[in-house]
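Architecture and fold: a report
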Amino acid sequence: MPEISTSYSTRRQYKDVSLTFGRNVVTSDVVTVTDADAVKRSLKLLLLSRTGETPFFPEFGSRIAAMLFEPIDPITTLLLQHEIEATIAAYEPRIRIQELSLVPSADEQGFTLNCLFTIVNQVAPVTLTLYLSRLR
């Protein structure tokens, strides 16, 4: 009797449309980004979107933009870090945060965000670095 293989691939590929909207020369379709690049771009969009900014999804986004106008001190840094963690936990189920650090820069009036995370069902850690600054 032939043996049936019961091994399944649990690795899921995440795919998104590239914002350059370039054309793939082979398939004549829109260029896509995959895996870690797609998740990093999604995370960046999530953190830089303001709450209420997305039509038909008013809860999507974060309050980070409003918090950047507060004084740059340890309290604001801690509140901003909690806001980032809560936003990621609420809207990005594909990742698990390993380490999140927020470095304030009073001279440049902003924060450097370093986030080390793993994508669900993948082993390799991914790093995202963003500079959060005040924009009017």
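Located above this text is the structure these notes cover.
In this report, we go over the structure that sits alongside the text. No experiment lies behind these values; they were computed from the predicted model shown. (Residues numbered from 1 in each chain as written. Predicted model: local features only at pLDDT ≥ 70, side-chain atom pairs only at ≥ 80, totals over all residues. Heavy atoms only, no water.)

**Quick look at helix H3 (residues 74-91)**
When the terminal C-alpha atoms of H3 are compared, their 26 Å separation across 18 residues agrees well with the 26 Å that a helix rising 1.5 Å per residue should span. Listing the buried residues of H3 in full gives Thr76, Thr77, Leu80, Gln81, Glu83, Ile84, Thr87 and Ile88. Each buried residue of H3 lies within a common arc of 160 degrees when the element is viewed along its axis, so the set occupies one face. Every exposed residue of H3 that faces more than 90 degrees away from the buried side is listed here: Pro74, Ile75, Ala89 and Ala90. Buried residues along H3 sit against helix H1 (35-48), helix H2 (64-67), strand E3 (95-105), strand E4 (110-119) and strand E5 (125-133). (Helix = DSSP H or I, 4+ residues; strand = E, 2+ residues; numbered from the N terminus. Expected span 1.5 Å × (residues − 1). Buried < 20%, exposed > 50% of the residue type's maximum accessible area, 1.4 Å probe, protein only. Arc of directions from axis to C-beta. Contact = heavy atoms within 4.5 Å.)

**Re unusual backbone geometry**
A positive phi is found at phenylalanine 56, a non-glycine position, where the angle reads about 65 degrees. Tracing the sequence through the fold places phenylalanine 56 in the loop between H1 and H2. Judged by relative accessible area, phenylalanine 56 falls into the exposed class, the value being 87%. At asparagine 121, a residue that is not glycine, the phi angle is positive and equals roughly 70 degrees. For asparagine 121, the position within the fold is in the loop between E4 and E5. When its relative accessible area of 48% is taken as the criterion, asparagine 121 is described as partly exposed.

**Quick notes on the nonpolar core**
Ranked by internal contacts, the top residues of the largest apolar core, which has 24 residues, are Leu43, Leu47, Leu80, Ile84, Leu113, Phe117 and Leu132. Going through the elements one at a time, H1, H2, H3, E3, E4 and E5 are the ones with two or more residues in this core. Sorting elements by how many residues they give to this core places E4 first, with 5 residues. In this structure, leucine 47 is in contact with Ser62, Ile64, Ile84, Thr87, Ile88, Leu113 and Leu130, ignoring residues within four places of it in sequence. (Core = buried A, V, L, I, M, F, W, Y, C linked by side-chain atoms within 4.5 Å.)

**Regarding H1**
Over its 14 residues, H1 runs 20 Å from end to end, which matches the ideal 20 Å to within 8%, given 1.5 Å per residue. Buried within H1 are the following residues: Asp35, Ala38, Val39, Leu43, Leu46 and Leu47. Buried residues of H1, viewed axially, fall in a sector of 160 degrees; they line one side.

**Brief notes about the pairing of E5**
Here E5 shows a buried face lined by Val126, Leu128, Leu130 and Leu132 and an unburied face lined by Pro125, Thr127, Thr129, Tyr131 and Ser133. With 9 bridges connecting them, E4 and E5 associate as antiparallel partners. Bridge pairing in E5 places glycine 110 opposite serine 133. Hairpin connection of E4 to E5: 5 residues between the antiparallel strands, including asparagine 121 at a positive phi of 70 degrees. (Pairing = 2+ DSSP bridges.)

Function-wise, these values are silent; they only describe arrangement.
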